[in-house]
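Residue-level structural notes
Spelled out from the first residue to the last, the chains are:
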Amino acid sequence: MKLFFSICVALSAYLCTGLNALEKASYSTITPGVLKIGSSFSNPPFINRQKAGLEVDLLNAICKQLKLRCEWVEAAPNQIMEGLDNQQYDLIADGLVMEEGHQQVIDFSIPYLVTHLSLVVSKLKNSSIKSVQELRGKSVGVLSRTAEEEGARQLLNDRQIGKMVIYPFGDMNEALKDLEKGQIDAFLLLYPHAYLLVKEKGSLKILGSLPKPIQKMAFGFSKRNPEFLAAFNRALQQVQRDGTYAKIYKKWFHEAPAEESPNSRR
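These numbers come from a predicted model, not from an experiment. (Residues numbered from 1 in each chain as written. Predicted model: local features only at pLDDT ≥ 70, side-chain atom pairs only at ≥ 80, totals over all residues. Heavy atoms only, no water.)

1. Observations concerning the packing of aromatic side chains
Worth spelling out the cut-off: For Phe, Tyr and Trp, where Trp contributes only its six-membered ring, two rings pair if their centres lie within 6.5 Å, and the inter-plane angle classes them as stacked under 30 degrees, edge-to-face over 60, or tilted in between. A helix here means a DSSP run of H or I that spans at least four residues, while a strand means a run of E at least two residues long, and both kinds are numbered starting from the N terminus. Burial here depends on accessible area, computed with a 1.4 Å probe over protein chains only, as a share of the maximum for the residue type. Under 20% is buried, over 50% is exposed, and the range in between is partly exposed.
Overall, the coordinates contain 12 aromatic pairs when judged by the stated rule. A ring pair is formed by Tyr195 and Phe253, whose centres lie 5.3 Å apart and whose planes are at 65°; its orientation type is edge-to-face. Remark: Phe253 occurs in helix H9 (residues 244-253) and Tyr195 occurs in helix H7 (residues 191-200); sequence separation between them is 58 residues. Among the residues examined, Tyr195 registers a relative accessible area of 17% and is labelled buried. Taken together, a centroid distance of 6.3 Å and an interplanar angle of 40° make the contact between Tyr245 and Tyr249 tilted. Residue Tyr245 and its partner Tyr249 are located together in helix H9, separated by 4 residues, close to a single helical turn. Neither residue differs from the other here; Tyr245 and Tyr249 are each classed as buried. Three or more aromatic residues joined by ring pairs form one cluster here, namely Tyr27, Tyr112, Phe219, Phe221, Phe228 and Phe232.

2. Remarks on the pattern of salt bridges
Applied cut-off: Salt bridges are defined by distance alone: a side-chain nitrogen of Lys or Arg within 4 Å of a carboxyl oxygen of Asp or Glu.
Taken as a whole and assessed by the stated rule, the structure comprises 7 salt bridges. Of the charged contacts, one joins Asp85 and Arg224 as a salt bridge, the two residues approaching to 3.5 Å between their closest N and O atoms. Of this pair, Asp85 sits in helix H3 (residues 80-85) while Arg224 sits in the loop between strand E9 (204-221) and helix H8 (226-241); the two residues are 139 residues apart in sequence, bridging distant segments of the chain. For Asp85, a relative accessible area of 44% corresponds to the partly exposed category. You can call Arg224 exposed: its relative accessible area is 53%. One salt bridge in this structure joins Glu149 and Arg153, with 2.8 Å as the shortest N-O distance. Remark: Arg153 and Glu149 occur in helix H5 (residues 147-157); sequence separation between them is 4 residues, near one turn of the helix. The partly exposed category is assigned to Arg153, whose relative accessible area is 37%.

3. A look at the pairing of E9
Applicable threshold: Each pair of strands is called paired provided DSSP finds at least two bridges between the two strands.
As judged from the 4 bridges shared by strand E3 (residues 91-97) and E9, these two strands associate in the antiparallel manner. Its bridge partner being in E9, Val97 is matched across the sheet by Met217. Strand direction decides the pairing type here: strand E4 (residues 107-108) and E9, joined by 2 bridges, are antiparallel. Across the sheet, residue Asp107 finds its bridge partner in E9, namely Phe221. Note that strand E5 (residues 113-122) and E9 share 9 bridges and pair antiparallel. Along E9, the bridge assignment pairs Val114 with Lys216.

4. Regarding the layout of surface pockets
The line we're drawing: Definitions used throughout: a 1 Å grid over protein atoms alone; a cavity as a set of points that fits a 1.4 Å probe which cannot get out; a pocket as an open set with protein on both sides within 12 Å along at least five of seven lines; a lining residue as one with an atom within 4 Å of a point. Grid points are joined across faces, edges and corners, and a volume is the space filled by probe spheres set on the points. In this classification, Asp, Glu, Lys and Arg are treated as charged, Ala, Val, Leu, Ile, Met, Phe, Trp, Tyr, Cys and Pro as nonpolar, and every other residue, Gly included, as polar.
Empty space within the largest pocket amounts to approximately 1,100 Å³. Those elements that place two or more of their residues in the lining of the largest pocket are H3, E3, H5, helix H6 (172-181), strand E8 (186-190) and H7. Classifying every residue of the lining of the largest pocket by side-chain character gives 15 nonpolar, 11 polar and 5 charged.

Keep in mind these numbers describe shape, not what the thing actually does.
So, in structure tokens, the structure goes:
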């Protein structure tokens with residue numbers, strides 16, 4: 001009986017080891033044992049020049065789950081997709097919104113954050129504006145080639161605003177100058193960006209958020225490695241379920257996530 005029990009324990013251990021080995025062998029990264037991450041390091045609070053941000057903390061937690069070492073690779077914003085295709089890194093972490101156009105070129109992870117677009121106004125120049133509904137006939141600034149541009153265009157089409165002012169992508173400073181001078185009435189951007197902006201500039205406030213379109217944030221992957229994407233998604237779900245994600249979110253936004261993490265029930 002003891003011998004039988006010993007054989008069962010040994011067989012069980014062997015099978016578990018074999019299954020773990022198979023699971024680890026079912027995917028690969030460009031460099032074994034390393035997760036290479038491409039970023040422009042220019043999208044706080046997701047990631048900044050000091051390699052700090054919500055995405056950095058989240059990827060460190062995921063790497064721990066996958067037993068990989070995170071290695072960061074800097075890429076120019078206009079070349080970051082190309083670097084993924086050329087296998088310079090395994091994934092992109094750059095505050096990506098799951099846009100339909102990008103899905104033709106890259107695969108996305110399951111979303112790690114579901115958020116909204118928010119309108120920011122100047123306390124000094126537009127203190128009389130108290131709600132989103134009071135923007136009828138007013139001007140709203142956005143950056144070109146962003147989800148915000150699509151949101152502002154919808155507001156314009158629905159006649160909820162009077163004018164849309166488009167600024168070159170990456171030229172937020174010019175837009176903020178116009179906002180503070182009163183040359184535009186509001187500025188539309190993702191809530192995480194709005195939160196950070198208002199935190200840094202006491203002269204601004206968040207007027208409110210748009211219920212639609214909902215914005216889903218995720219990491220970008222090459223279409224050549226679906227096995228690794230599947231393993232990454234499992235690790236992401238785990239850090240969402242075990243409370244790690246909630247702690248990371250609270251660190252950067254000083255509040256608990258507004259709702260249950262988007263994939264915790266999958």
